[in-house]
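If you want the building blocks of each chain, they are given just below.
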Amino acid sequence: MTRIAVESDRLSPMFVGGGRAVIAALLGATALALTRQRRPRGRQWLRVAVVAGGAVAGFPLLTSFALTQAPAGHAAVVIALLPATTAVVSVLRTGERPGRAFWAAAIAGAVAAVVFATVQHSSAGGTTTDDAGAMFAADALLFAAVVVCAIAYAEGGLLARELGSWQTISWALVVAAPVMLALTAIAALEHLPSGTMVEWLAFAYLGVVSMFLGFVAWYRGLAIGPLAQVSQVQLAQPVMTIAWAALLLREPLGWPTVLGGVTVVACALVAVRTRNRPARTSPRRHARPRARTHPHRRGGG
């Protein structure tokens, strides 16, 4: 949908990236006001700002600019690294200890997703531009989008356990709204939006579904956790991106692509179903000494 919205240049990348967040912010603010949700407190505001900076502002803007130079299939290759990046950030942030089976499935899934998207993109005819410098810049933007989005997912998943899933993304949208509204206004003044009906519908989808309803479901899943395992559901993203690109953008889709997609999704299922390793300090290690000495203690010690 982002590719459709920005492809003709009638809707600028900044307008699409900022405007979609403004639409979602209006929906989130309305939901918060109607249900009278309590506001975040103390350090929760800082964590909301992290979610806003990565998921609301960073990822949409960076990918919108990147997709003016890179086709959807090429972008899927880079974004295929998002699940593994999110898993690493989640482990660093939460202290979760996924087992070896998880890391094996996650790495296999990331490699399979990249190979899958690369093969599909090559069969589609490669990039749409001969400017190597432009493609390098597009890749840099996509890699940056992956990093900031992974951080936002990890922090947002933890925050959703405290504030709620739709509340977390709604507050993040509200926090980012002034900046995104300013960027949208600047973009509209510099380049008057004049998209076709299809482009405006794609823009509306990005605002209502991608930036709000989709995030509500996603952060609910992350809140249930564990974060590292749940994040591997994203492995299905490049598969679905290419499937939708084939349907909406008429990019070729053959049996090798279908088989590759099945492999990627299988890796995601294995990673999601693995269990965390026990904590480093095992309670059993201290259980017997406590049981042995407790009966002889008297008083308050």
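Residues numbered from 1 in each chain as written. Predicted model: local features only at pLDDT ≥ 70, side-chain atom pairs only at ≥ 80, totals over all residues. Heavy atoms only, no water.

This next bit is on helix α8 (residues 165–190). Between its first and last C-alpha atoms α8 spans 36 Å; for 26 residues at 1.5 Å apiece the expected length is 38 Å, and the two agree. When the local axis directions of α8 are compared, the greatest deviation, roughly 50°, occurs at A177, which is followed within four positions by the proline P178. Among the residues of α8, those classed as buried are S165, Q167, T168, I169, S170, W171, A172, L173, A176, M180, T184 and A187. (Helix = DSSP H or I, 4+ residues; strand = E, 2+ residues; numbered from the N terminus. Expected span 1.5 Å × (residues − 1). Bend = angle between axes of the 7 residues up to and from the residue. Buried < 20%, exposed > 50% of the residue type's maximum accessible area, 1.4 Å probe, protein only.)

Take the environment of V198 next. Turning to its location among the elements, V198 is positioned in helix α9 (residues 197–224). Judged by its relative accessible area of 53%, V198 falls in the exposed class. Spatially, the C-alpha atom of V198 lies 9.7 Å from that of M1, the residues being 197 residues apart in sequence.

Below, the discussion takes up the confidence of the model for the protein. Here the protein averages 79 in pLDDT, while 79% of its residues score no lower than 70. Mean pLDDT values for the elements of the protein range from 46 in helix α13 (residues 284–293) up to 93 in α8. In the model, residues 279–301 has pLDDT below 50 throughout and makes four contacts with residues more than four positions away in sequence or in other chains. (pLDDT = per-residue confidence, 0-100. Contact = heavy atoms within 4.5 Å.)

A few words now on the packing of aromatic side chains. Tallied over the full model, the rule gives eight aromatic pairs. Pairing F15 with F203 gives two aromatic rings, centres 5.3 Å apart and planes at 25°, and the pair type is stacked. Pair noted here: F15 is in helix α2 (residues 13–35) and F203 is in helix α9, with a separation of 188 residues, a long-range link. In this structure F15 comes out as buried when scored by relative accessible area, which is 10%. The class of F203 is buried, set by a relative accessible area of 7%. Members of the aromatic cluster, each reached through a chain of ring pairs, are Y153, F215, W218 and Y219. (Phe/Tyr/Trp six-rings, centres within 6.5 Å; stacked < 30°, edge-to-face > 60°.)

Here we come to the pattern of salt bridges. A complete count under the given rule lists four salt bridges for this structure. As a salt-bridge pair, R47 and E155 come within 2.7 Å of each other at their nearest N and O atoms. Placement of the pair is R47 in helix α3 (residues 43–66) and E155 in helix α7 (residues 132–163), with a sequence separation of 108 residues. A relative accessible area of 10% means that E155 is categorised as buried. Judged by its relative accessible area of 15%, R47 falls in the buried class. Salt bridges sharing partners connect three or more residues here, namely R47, R93, E155 and E162. (Salt bridge = Lys/Arg side-chain N within 4 Å of Asp/Glu carboxyl O.)

Glancing now at unusual backbone geometry. Note: most residues except glycine have negative phi, and most peptide bonds are trans. Positive phi is not limited to glycine here, since R36 has a value of about 55°. Structurally, the position occupied by R36 is in the loop between α2 and α3.

It is worth spelling out the nonpolar core at this point. Core analysis: the biggest nonpolar cluster contains 59 residues, and V56, Y153, L173, F215 and Y219 have the highest contact counts within it. Not counting the four nearest positions on each side in its chain, F215 is found in contact with A55, Y153, I169, V209 and S210. (Core = buried A, V, L, I, M, F, W, Y, C linked by side-chain atoms within 4.5 Å.)

Relative to the helices and strands, T184 resides in helix α8. Judged by relative accessible area, T184 falls into the buried class, the value being 11%. A polar contact is formed between the side chain of T184 and the backbone oxygen of G18, at a distance of 3.4 Å. (Polar contact = N/O pair within 3.5 Å; in protein donor to acceptor, adjacent residues only side chain to side chain.)

This next bit is on the environment of T94. Assignment of secondary structure puts T94 in helix α5 (residues 82–94). Taking the C-alpha atoms as reference points, T94 and A154, 60 residues apart in sequence, are found 8.4 Å from one another. Beyond its immediate sequence surroundings of up to four residues, T94 is in contact with L158 and L227.

Turning our eyes to something else, we now look at the environment of A154. Structurally, A154 is set in helix α7. For A154, a relative accessible area of 1% corresponds to the buried category. Once the C-alpha coordinates of A154 and S90 are considered, the two residues, 64 residues apart in sequence, prove to be 5.1 Å apart. The residues contacting A154, other than those within four sequence positions of it, are V89, S90 and L227.

Here the focus is the packing of α8 against α9. Two elements in contact, α8 and α9, have axes separated by 7 Å at closest approach and are oriented at 135°. Between α8 and α9, the interaxial angle falls into the category oblique. Considering how the two elements wind past one another, α8 and α9 form a crossing that is right-handed. Contacts between α8 and α9 involve S165, W166, I169, S170 and L173 on the former and, on the latter, M211, F212, F215, V216, Y219 and R220. (Axes fitted to C-alpha atoms, helices over the stretch in contact; angles between N-to-C directions. Parallel < 35°, antiparallel > 145°, perpendicular 65-115°, else oblique. Left-handed = near helix turned anticlockwise from the far one by under 90°.)

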